[in-house]
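Chain residues, written in single-letter form:
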Amino acid sequence: EPEVTQTPSHQVTQMGQEVILRCVPISNHLYFYWYRQILGQKVEFLVSFYNNEISEKSEIFDDQFSVERPDGSNFTLKIRSTKLEDSAMYFCASGGSVNEKLFFGSGTQLSVL
Amino acid sequence: GESVGLHLPTLSVQEGDNSIINCAYSNSASDYFIWYKQESGKGPQFIIDIRSNMDKRQGQRVTVLLNKTVKHLSLQIAATQPGDSAVYFCADTGRRALTFGSGTRLQVQP
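Keep in mind that this is a model prediction, so the values were computed, not measured.

Trainee: If you had to explain unusual backbone geometry to someone new, which residues and values would you point to?
Mentor: All names here are of chain A. Following T7, the chain continues to P8 via a peptide bond in cis, the omega torsion being -10 degrees. Here P8 is to be found in the loop between strand 1 (5–7) and strand 2 (10–13). Phi angles above zero are rare outside glycine, and N51 is one such case at about 55 degrees. Here N51 shows up in the loop between strand 5 (44–50) and strand 6 (53–57). The exposure class of N51 is exposed, given its relative accessible area of 59%.

Spelled out as structure tokens, the structure:
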């Protein structure tokens, strides 16, 4: 069964450093998403991406965040200058059509020290 | 404000019993709802979905009920098993992106 894969599974970084979280969505999907989940809290929407551009973003997704689909298979989330409060599990998701069910990866646990 | 939310943070049931997890939503424009299950250390896993033109949808051991009058949906799990222990989220598309509610942790007692 096709699945969304994310790397790395864990990322530890120093405050102020840049991190790039990587995702390989399901191959025939066109809609891509990043969500995050702070420990013990609900899953929060960050950004959606379609047709090589951001289609929607939340207030969490500020200027420190950016997304990119550098080739036909990868989808990345970059945080330019990490803050302590960026520590969370980051989930990538993809979908075949807009607002249909999403398939999630296993997440990248980001720890900012 | 939050578009969807769950009533109880934790639900404890005996193995073999039926479980009912509830969720309320506030946006009348929501027309598509999904239940996800999240096990520890994993991403949300799709369980079942329902569109607003339906009141009920059944899957394998799971049923989702939608009451548009009171903006409420529920997930029923028949014959709950230990493997059903997880956090359950409802999500809707009242906003453009899929938005999750707060989860209910289902604990299955042997």
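Now, onward.
Trainee: Hey, could you go over the side chain of A:S48 for me, with residue numbers and the actual values?
Mentor: Residues and elements named next belong to chain A. Of note, S48 is situated in strand 5. Polar contacts involving the side chain of S48 include one to the side chain of S55, which spans 2.8 Å. Residues within four places of S48 in sequence aside, it is in contact with F32, Y33, E53, I54, S55 and E56.

Trainee: Go over the packing of aromatic side chains with me, naming the residues and quoting the values.
Mentor: Evaluated as defined, the whole model comprises 16 aromatic pairs over all chains. An angle of 45 degrees between the planes, with centres 5.3 Å apart, marks the rings of B:Y36 and B:F100 as tilted. Here B:Y36 is found in strand 4 (residues 32–38), whereas its partner B:F100 is found in strand 10 (residues 99–100), with 64 residues between them in sequence. Sitting above the plane of the B:F46 ring, A:K101 keeps its charged end 4.3 Å from the centroid. In this arrangement the basic side chain of B:R51 is found over the ring face of B:Y32, its NZ or CZ atom lying 4.2 Å from the centre.

Trainee: Can you lay out the pattern of salt bridges for me, pointing to particular residues and giving the numbers?
Mentor: What the rule picks out here adds up to four salt bridges over all chains. Between A:R36 and A:E44 there is a salt bridge; the shortest N-O distance is 3.2 Å. B:D84 is the salt-bridge partner of B:R61, the closest N and O atoms lying 2.9 Å from each other. In this pair, B:R61 is assigned in the loop between strand 6 (56–58) and strand 7 (62–67) and B:D84 in the loop between strand 8 (72–77) and strand 9 (86–92), connecting sequence segments 23 residues apart. The class of B:R61 is partly exposed, set by a relative accessible area of 30%. On the basis of relative accessibility, which here comes to 7%, the residue B:D84 falls in the buried class.

About the criteria used
- Residues numbered from 1 in each chain as written.
- Chains lettered and ligands numbered in written order.
- Predicted model: local features only at pLDDT ≥ 70, side-chain atom pairs only at ≥ 80, totals over all residues.
- Heavy atoms only, no water.
- Helix = DSSP H or I, 4+ residues; strand = E, 2+ residues; numbered from the N terminus.
- Buried < 20%, exposed > 50% of the residue type's maximum accessible area, 1.4 Å probe, protein only.
- Polar contact = N/O pair within 3.5 Å; in protein donor to acceptor, adjacent residues only side chain to side chain.
- Contact = heavy atoms within 4.5 Å.
- Phe/Tyr/Trp six-rings, centres within 6.5 Å; stacked < 30°, edge-to-face > 60°.
- Lys NZ or Arg CZ within 6 Å of the ring centre and 35° of its normal.
- Salt bridge = Lys/Arg side-chain N within 4 Å of Asp/Glu carboxyl O.

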